[in-house]
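Working through the structure, step by step
Spelled out, the chains give:
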Amino acid sequence: MGTSGKKGDSETVLITYHVQSGKENEFQKLLARAWDIYRNDGLVYAKPHTVVRNTEDGDKTYFTEIFTWAKSPDHPSGDVTALWGQEQALCEARDGHRGIEGGEVSLVTGK
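Report follows, based on the coordinates. The numbering scheme is per chain: residues are counted from 1 as the chain's sequence reads. Where totals are concerned, whole chains, interfaces and linings use all residues; where local detail is concerned, this predicted model gives features only for residues with pLDDT of at least 70, and gives and counts side-chain atom pairs only at 80 or more. Neither water nor hydrogens contribute to the side-chain values; these are computed over all heavy atoms in the structure.

**Description of the sheet that holds strand E1 (residues 11–18)**
Two strands in a sheet stick together by hydrogen bonds in their backbones, pointing the same way (parallel) or opposite ways (antiparallel). Put simply, the rule is: Strands pair, by our definition, only if DSSP identifies at least two bridges between them. Labels follow the DSSP assignment, with helices taken as runs of H or I lasting at least four residues and strands as runs of E lasting at least two, numbered in each case from the N terminus. Inter-axis angles, ranging from 0 to 180 degrees, are taken between N-to-C directions of lines fitted to C-alpha atoms, where helices are fitted over the stretch in contact. Two residues form a contact once any of their heavy atoms are found within 4.5 Å.
Sheet architecture is open: four strands sit in the order E2-E3-E1-E4, paired in antiparallel fashion. Looking at which strands have only one partner, the edges of the open sheet turn out to be strand E2 (44–56) and strand E4 (100–104). Going across the sheet, the axis of each strand differs from the next one's by a mean of 15 degrees, ignoring polarity. Pairing between E1 and E4: five bridges, direction antiparallel. Considered in E4, the bridge of leucine 14 is made with glycine 103. Against the sheet, helix H1 (residues 24–40) touches E1, E2 and strand E3 (60–69), its axis set at about 170 degrees to E2.

Printed below as a string of structure tokens:
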């Protein structure tokens, strides 16, 4: 199921990361490293790629990331799986939400 119209197996995703207090800088560095690995391995398209940082419940940080997988990451490499484990370890369940949430979305602007 593609969203770009170019490749049938690409997918644009919106992911929210509920980061543990005090782990924000470490998480931001990990997110940048993950992006570098995704790009070097040809797993994602360069655009769109947007990361925003905000707070909820007064002072709890979360990040939201939007990007497009060049192909669905159904069978990620060991490096990618390890990165995802590290991301999960820096996040926390919050207010009924999992530490990391998200999924496929339809890109409306920026096509």
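**Re the packing of aromatic side chains**
Given two aromatic rings, their pairing is described by the distance between the two centres and the angle made by the two planes. Selection criterion: Pairing of aromatic side chains requires ring centres within 6.5 Å, counting the rings of Phe and Tyr and the six-membered ring of Trp. Pairs whose planes differ by under 30 degrees are stacked, by over 60 edge-to-face, and all others tilted. Using a 1.4 Å probe on the protein chains alone, a residue whose accessible area is under 20% of its type maximum counts as buried, one over 50% counts as exposed, and one in between counts as partly exposed.
Across all of its chains, the model carries eight aromatic pairs by this definition. Aromatic pair tyrosine 38 and phenylalanine 67: ring centres 5.9 Å apart, planes at 35 degrees, arrangement tilted. You can see tyrosine 38 sitting in helix H1 and its partner phenylalanine 67 sitting in strand E3, a full 29 residues away along the chain. Judged by relative accessible area, which is 3%, tyrosine 38 ranks as buried. With 6.2 Å between their ring centres and 80 degrees between their planes, tryptophan 69 and tryptophan 84 make a pair best called edge-to-face. Here tryptophan 69, found in strand E3, pairs with tryptophan 84, found in helix H2 (residues 78–89); they are 15 residues apart in sequence, far enough to count as distant. Since its relative accessible area comes to 28%, tryptophan 84 is described here as partly exposed. By way of ring pairs, the aromatic residues Trp35, Tyr38, Phe67, Trp69 and Trp84 are connected into one cluster.

**Some points on the pairing of E3**
Most of E3 is tucked away, with eight of its 10 residues classed as buried. In terms of strand pairing, E1 meets E3 through eight bridges, oriented antiparallel. If you follow isoleucine 15 over to E3, its bridge partner there is glutamate 65. The pairing of E2 with E3 spans nine bridges and is antiparallel. By the bridge assignment for E3, valine 44 is matched with tryptophan 69.

**Overview of the nonpolar core**
The following threshold applies: Only buried residues count toward a nonpolar core, which is a set of Ala, Val, Leu, Ile, Met, Phe, Trp, Tyr and Cys residues joined through side-chain atoms within 4.5 Å.
Counting residues in hydrophobic clusters, the biggest one holds 20 residues, and the most contacted among them are Tyr17, Phe27, Tyr38, Val44, Phe67 and Trp69. If you list the elements that add at least two residues to this core, you get E1, H1, E3 and H2. Of the residues forming this core, the biggest block, six residues, is contributed by H1. Aside from chain neighbours lying at most four places away, what touches phenylalanine 27 is Tyr17, Val19, Phe63, Glu87, Leu90 and Cys91.

**Some details on H2**
Rule in force here: One less than the number of residues in a helix, times 1.5 Å, gives the span that helix is expected to have. To obtain the arc, one takes the directions from the helix axis to the C-beta atoms.
In a regular helix each residue adds 1.5 Å, so 12 residues correspond to 16 Å; H2 covers 17 Å between its end C-alpha atoms and thus fits that length. Taken together, the buried positions of H2 are Val80, Leu83 and Glu87. Burial along H2 is one-sided: seen end-on, the buried residues are contained in an arc of 60 degrees. Away from its buried face by more than 90 degrees, H2 exposes Gly78 and Ala89.

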